[in-house]
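# Tertiary structure, described
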Amino acid sequence: MKVLVTGGMGYIGSHTCVRLIESGIEPIIIDNLSNAKVEVLSRIEALTGQQPLFYQGDVRDEVFLDSVFANHNIQAVIHFAGLKAVGESVAKPLEYYDNNVNGSFVLARCMRKAGVKSLVFSSSATVYGDPDTVPITEASPTGATTNPYGRSKYMVEQGLSDLFFAEGDWSITLLRYFNPVGAHPSGTMGEDPQGIPNNLMPFIAQVAIGRREYLSVFGHDYPTPDGTGVRDYIHVMDLAEGHIAALKTVGEQSGLHIYNLGTGKGSSVLDMVEAFSAACGQPVRYELCPRRPGDIAECWASTAKAERELGWQATRSVAEMTADTWHWQSKNPQGYSPE
């Protein structure tokens, strides 16, 4: 089975490609390398014995996509390609809507032309906005998003839902991620953001390795046990395995399939700092700062539906998430080698 993986050189995409190959599925990667490096290919090959086919290009480039579909017998698409930082989206909304929304619809149009109607979409728990209650189920209200990143994911979900209702022979799976962290246990692959990290775990790791002076903890007056934001952190390998489960279980069944991918447990920012300090054997310096625009107090998943229908469950602990992140960062202090 050949699967097109957009954004497959990125953090979640690359780990998913490893699990695809290990599951006997052939990934074909496209990525514009705006937040990824070519070095990832050799790391995937070292782990699996197979280097995936890679095309450098953009999902908004219809001619490019048409050529990839024309040259390969692709059966399904996993769509990761997108910008993903909440804070950056507030500052650059047009870039987020163009890349995330327009890119997704160009991809869907090219899939339709090629007769490929199985799509797994990398969505986000941000589509739920600031939830009234937790844990969040797939039936919880969506659309009251608090930032352009979340709105871009919600818009794509709505567009893909409308596509399914218009053309019912599609299999469209919306995977709503909570907070991916961690790294491959080998320490050879992990999250390597370009510039200043926008997500918590890589920032903590860069402080621990000495690349940054301290962690800014945004918001310490939330109505949570320690005042800092509470999130459902999920190991990237558990997340990767969730995609395989979705592809194999519902990828060939027409329908609109929606699943939360999380652990069902919430951890605060300071919980994660403490866990990382234990993993690296030294305190991680942090400073308490005002809240960021667009952030919410707490958010964690109900995972019952994914467990019941996909037979999938996150198994890795916060201790494993932080230990694997530290293993990656300590072996690769500057991230992936420059091209």
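The present account deals with the structure reproduced in this document. (Residues numbered from 1 in each chain as written. Predicted model: local features only at pLDDT ≥ 70, side-chain atom pairs only at ≥ 80, totals over all residues. Heavy atoms only, no water.)

### Thoughts on the sheet that holds strand β9 (residues 230-231)
Note: strands within a sheet are paired through backbone hydrogen bonds, in either parallel or antiparallel orientation. Here three strands make up an open sheet; going across it, the order is β12-β9-β14 and the pairing mixed. Single-partner strands in this sheet number two, and they are β12 (267-268) and β14 (298-299). With two bridges joining them, β9 and β12 adopt antiparallel strand pairing. Its bridge partner being in β12, Arg231 is matched across the sheet by Ser267. (Pairing = 2+ DSSP bridges. Helix = DSSP H or I, 4+ residues; strand = E, 2+ residues; numbered from the N terminus.)

### Focus: the nonpolar core
By size, the foremost hydrophobic cluster in this structure holds 42 residues, and its most contacted members are Met9, Ile44, Leu247, Leu310 and Trp312. Top element by residues in this core is helix α8 (residues 236-250). It accounts for eight residues. Excluding residues within four positions of it along the chain, Leu310 makes contact with Ala245, Ala246, Thr249, Val250, Tyr259 and Lys305. Counting 28 residues, the second-largest nonpolar core is a separate cluster that includes Ile28, Ile74, Ala81 and Val116. (Core = buried A, V, L, I, M, F, W, Y, C linked by side-chain atoms within 4.5 Å. Buried < 20%, exposed > 50% of the residue type's maximum accessible area, 1.4 Å probe, protein only. Contact = heavy atoms within 4.5 Å.)

### Things to note about the pattern of salt bridges
If you walk through the whole model with that rule in mind, you get 21 salt bridges. Of the charged contacts, one joins Lys117 and Glu167 as a salt bridge, the two residues approaching to 3.7 Å between their closest N and O atoms. Of the two residues, Lys117 is situated in the loop between α5 (93-114) and β5 (118-124) and Glu167 in the loop between α6 (148-166) and β6 (171-177); the sequence distance between them amounts to 50 residues. Put simply, Asp238 and Arg316 hold a salt bridge, and the shortest N to O gap is 2.5 Å. Taken as a pair, Asp238 in helix α8 and Arg316 in the loop between α10 (304-310) and α11 (318-331) lie far apart in primary sequence, 78 residues in all. Among the residues examined, Arg316 registers a relative accessible area of 22% and is labelled partly exposed. Shared partners join several salt bridges into a network, and the residues in it are Arg19, Glu22, Asp238, Glu241 and Arg316. (Salt bridge = Lys/Arg side-chain N within 4 Å of Asp/Glu carboxyl O.)

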